[in-house]
Every structure is written in structure tokens, then in C-alpha cells.
Amino acid sequence: MDLDLKINEFEGPLDLLLHLIKENKMDIFDIEIEKITEQYLAYLDSQESMNLEIASEYLVLATELIEIKSKMLLPNEKEKIEKEEEIDPREELVNRLLEYEAYKKITQELKEKESIRRAIYTKPASNLTEYRQEDSNIGLDIDINDLVEALKRFIERKKEDAPISTKVTENEITVSSRRYDIKMILLREKKVSFYKLFPTLTKEYIVATFLAILEMAKSRELMITQNNTFDDIVCEVVENG
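Within any chain, residue numbers begin from 1 and follow the written order of that chain's sequence. At least 70 in pLDDT is required for a residue's local features to be given in this predicted model, at least 80 for side-chain atom pairs to be given and counted, and no such filter applies to totals for whole chains, interfaces and linings, which use all residues. Values shown for side chains rest on all heavy atoms present in the structure; no hydrogens or waters enter the calculation.

Draft legend 1. Inspection of the overall build of the chain at higher detail. Note on conventions: DSSP H or I runs of at least 4 residues are helices, E runs of at least 2 residues are strands, and numbering of each starts at the N terminus. Per the secondary structure count, the chain includes nine helices and three strands. For the chain, the succession of helices and strands along the chain, N to C, is α-α-α-α-α-α-α-α-β-α-β-β. Here the chain, with 241 residues, has 31% of them falling under the buried criterion. Carbon and sulfur atoms provide 51% of the accessible area of the chain, an area that totals close to 17,300 Å². When a residue's accessible area, from a 1.4 Å probe over protein chains only, is under 20% of the maximum for its type it is buried; when over 50% it is exposed; and in between it is partly exposed. The accessible surface values rely on the Shrake-Rupley method and a 1.4 Å probe; as for residues, cover is taken only from the protein chains in view.

As C-alpha cells, then:
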């Protein structure tokens, strides 16, 4: 077996021992303690011959391995009589190795996630206050959320009065077509209730109409106003719009 390795290539004595077990393709639950102890000690000897400092924990484990080996080679009389009840002297070492192996696996997974995270670059949040203020002044004298809530309440009231029509028509309802219709209404009436722009309550009609109103407000083709909280919401034509 190649022992031309450095102590600092391992994270500790258990890491070295686990490496030797895997190199020998041993069952971790049935370690050939004599063989593995000899290889472990030979590894430490190779480090000493290269004048490398060996950490004390490596020597402590070496002592434990020798003790386990001696117990397995020289069982006492009581252990021979009570063989079925004998406690395997390797049991504690096996448990420590299993715990270390699980810890090492989790550590590796965390390192991989950290590596992936480092490849992701984020940008600090931009200050969009200036743009929000600008948008809020374009054709809207009412908060957009309040406008949505008002439309929801309007639809609920209409549902109670009569079922919403679900008739399918051949003519497709588009934002541009509704925008044209609303423009014609405002040219005639100059000012109209927001709710009157929703004579048909199909989903497609409501969505297209609502988006058309917002686009027209943004392009200053109409102004949406409400004097007080519970007053009617009014859409009116913007002169020179």
C-alpha cells in the first residue's frame, strides 16, 4: 500500500482510519483490526521518518487501536465462557467512524452548496422612488390598488343582481379595441363613470377594459379621479391628450 501521504491531507485520525478501511475495501462493521492497526502504525512511522510532526490525537488513536487489537487476540477466560454475551471491543470505534462519516458527508454537501452560492452574483436594490412618483402622476388621481378594489366590489354587486354572461362571441375582445371604444365614449361625453365602462362582465371583457383604461391614463388620454373615498370614480377626457 502506498504510504507516501502527508498527515495534513487528512482532517484527523478518524479521517485517516476511514481512508485505510476504504482502501482495503473492508466492511466498517467488521474491521480487520490487526491489519488496519499495522497499516495505521506504518503510516505514522513513515511520517516520523520524514521528520514530520504528528499531532497528539493521531497517537491517541494508535494507542486505542493497539488496545483493541490486544483484547481481540488475548480474550480472558470469562470472555471465553460468555462468548455469546461478549461485547465487541471494536463497537465504540465503529460508532465513532459512522458518526464521523455522516458528519463528513454533510460537510461536503454544505461546501458544494456554498460553491454554487458563490457563483451567484446579486445586485443591491435600486431606488425606484423617482419612477413611482412619476407614474403616480400620469392620469391617476387615485391609488391603483384602490381602483382594483373598487372594480372587485363592482363585480361582486353585479353578480348579486344577475348572473355574469358567459356567452361566447366570435369577435375577440382586445385591449386595443376597448381602448378605441372608450376613446369614442369620452369624445362624446367628456366625462363618464368608471363603472359604466364595464357594461359586459365576462372575464375577457373586464380584463381588456381595465388594461385599456390604465394604458390610456398612462398616455394621458384620460384622467381617473375620485374626490372623496366613497365618491364615484370618474374617467374624463384630457384636453390636448
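After that view of the structure, there is still more to cover.
Draft legend 2. Quick look at the pattern of salt bridges. A side-chain nitrogen of Lys or Arg and a carboxyl oxygen of Asp or Glu constitute a salt bridge if their distance falls within 4 Å. A full pass over the atoms with the stated rule returns 11 salt bridges. In this structure, E64 and R96 form a salt bridge, with 2.8 Å as the shortest nitrogen-oxygen distance. In this pair, E64 sits in helix 3 (residues 56–73) while R96 sits in helix 5 (residues 91–118), placing the two residues 32 residues apart along the sequence. On the basis of relative accessibility, which here comes to 25%, the residue E64 falls in the partly exposed class. Salt-bridge contacts for R179 lead to E215; the nearest nitrogen and oxygen are separated by 2.9 Å. Here R179, found in helix 8 (residues 175–189), pairs with E215, found in helix 9 (residues 203–218); they are 36 residues apart in sequence, far enough to count as distant. Look at the salt bridges and you will find they share partners, linking R179, K183, E215 and E221 into a network.

Draft legend 3. Geometry of the packing of aromatic side chains. Pairing of aromatic rings covers Phe, Tyr and the six-membered ring of Trp, with a centre-to-centre limit of 6.5 Å; geometry is then stacked below 30 degrees between planes, edge-to-face above 60, and tilted otherwise. This structure, assessed with the given rule, holds seven aromatic pairs. Ring geometry for F154 and F198: centres 6.4 Å apart, planes at 55°, overall tilted. A residue pair is termed long-range when its members are at least 10 positions apart, and F154 in helix 7 (residues 144–161) and F198 in the loop between strand 1 (191–193) and helix 9 qualify at 44 residues. You'll find F154 and F198 in the same group, each marked buried. Arranged with centres 6.5 Å apart and planes meeting at 80°, the rings of F194 and F210 form a pair that is edge-to-face. On the criterion of sequence distance, the pair formed by F194 in the loop between strand 1 and helix 9 and F210 in helix 9 is long-range, its members being 16 residues apart. For F194, a relative accessible area of 0% translates into the label buried. Classification of F210 by relative accessible area gives buried; the value is 13%. An aromatic cluster of three or more residues is present, and its members are F154, F194, Y195, F198 and F210.

Draft legend 4. A look at the sheet that holds strand 1. DSSP bridges decide pairing: two strands pair if at least two such bridges lie between them. Read across the sheet, three strands follow the order 1-3-2 without closing on themselves; strand pairing throughout is antiparallel. A strand with exactly one partner marks an edge of an open sheet, and here the two such strands are strand 1 and strand 2 (222–225). Averaged over all neighbouring strand pairs, the angle between strand axes comes to 25°, with direction disregarded. Direction of pairing for strand 1 relative to strand 3 (residues 234–237): antiparallel, over a ladder of three bridges. Note that in strand 3 the partner of S193 across the bridge is V234. Whether two residues are in contact is decided by their heavy atoms: any pair within 4.5 Å suffices. Axes here refer to lines fitted to C-alpha atoms; in helices the fit is confined to the stretch in contact. Angles between the N-to-C directions go from 0 to 180 degrees. Sitting on the sheet, helix 9 is in contact with strand 2 and strand 3, with an inclination near 110° to strand 2.

Draft legend 5. The arrangement of helix 1 (residues 13–23) in detail. The element helix 1 is largely enclosed, with a buried count of eight among its 11 residues. Residues P13, L14, D15, L16, L17, L18, L20 and I21 constitute the buried set of helix 1. Those residues of helix 1 hidden inside the fold are in contact with helix 2 (33–49), helix 3 and helix 5. A positive backbone phi angle near 55° is found at K25, which sits one or two residues after helix 1.

Draft legend 6. How the structure looks around the environment of L222. Within the fold, L222 resides in strand 2. Placed 16 residues apart in sequence, L222 and V238 show a C-alpha to C-alpha distance of 5.0 Å.

Draft legend 7. Spatial organisation of the environment of Y58. With respect to the helices, strands and loops of the structure, Y58 is situated in helix 3. Given a relative accessible area of 3%, Y58 falls into the buried group. The spacing of Y58 and Y40 is 18 residues in sequence and 9.4 Å in space, taken between C-alpha atoms. Pairing of N or O atoms within 3.5 Å defines a polar contact, subject to two protein rules: one partner must be a possible hydrogen donor and the other a possible acceptor, and residues neighboring in sequence count only if both atoms are side-chain atoms. A distance of 3.5 Å separates a polar atom in the side chain of Y58 from the backbone nitrogen of G12.

Draft legend 8. Main features of helix 8. Helix span is expected to be 1.5 Å times the residue number reduced by one. The end-to-end C-alpha separation of helix 8 is 21 Å, in line with the 21 Å expected for 15 residues at 1.5 Å each. Every buried residue of helix 8 is listed here: R178, I182, I185 and L186. Angularly, the buried residues of helix 8 cover 95° about the axis, an arc narrow enough to put them on a single face. Pointing more than 90 degrees away from the buried face of helix 8 are the exposed residues S176, Y180 and R188. The arc in question is traced by the directions running from the helix axis to the C-beta atoms.

Purely spatial values, then, with no claim about function.
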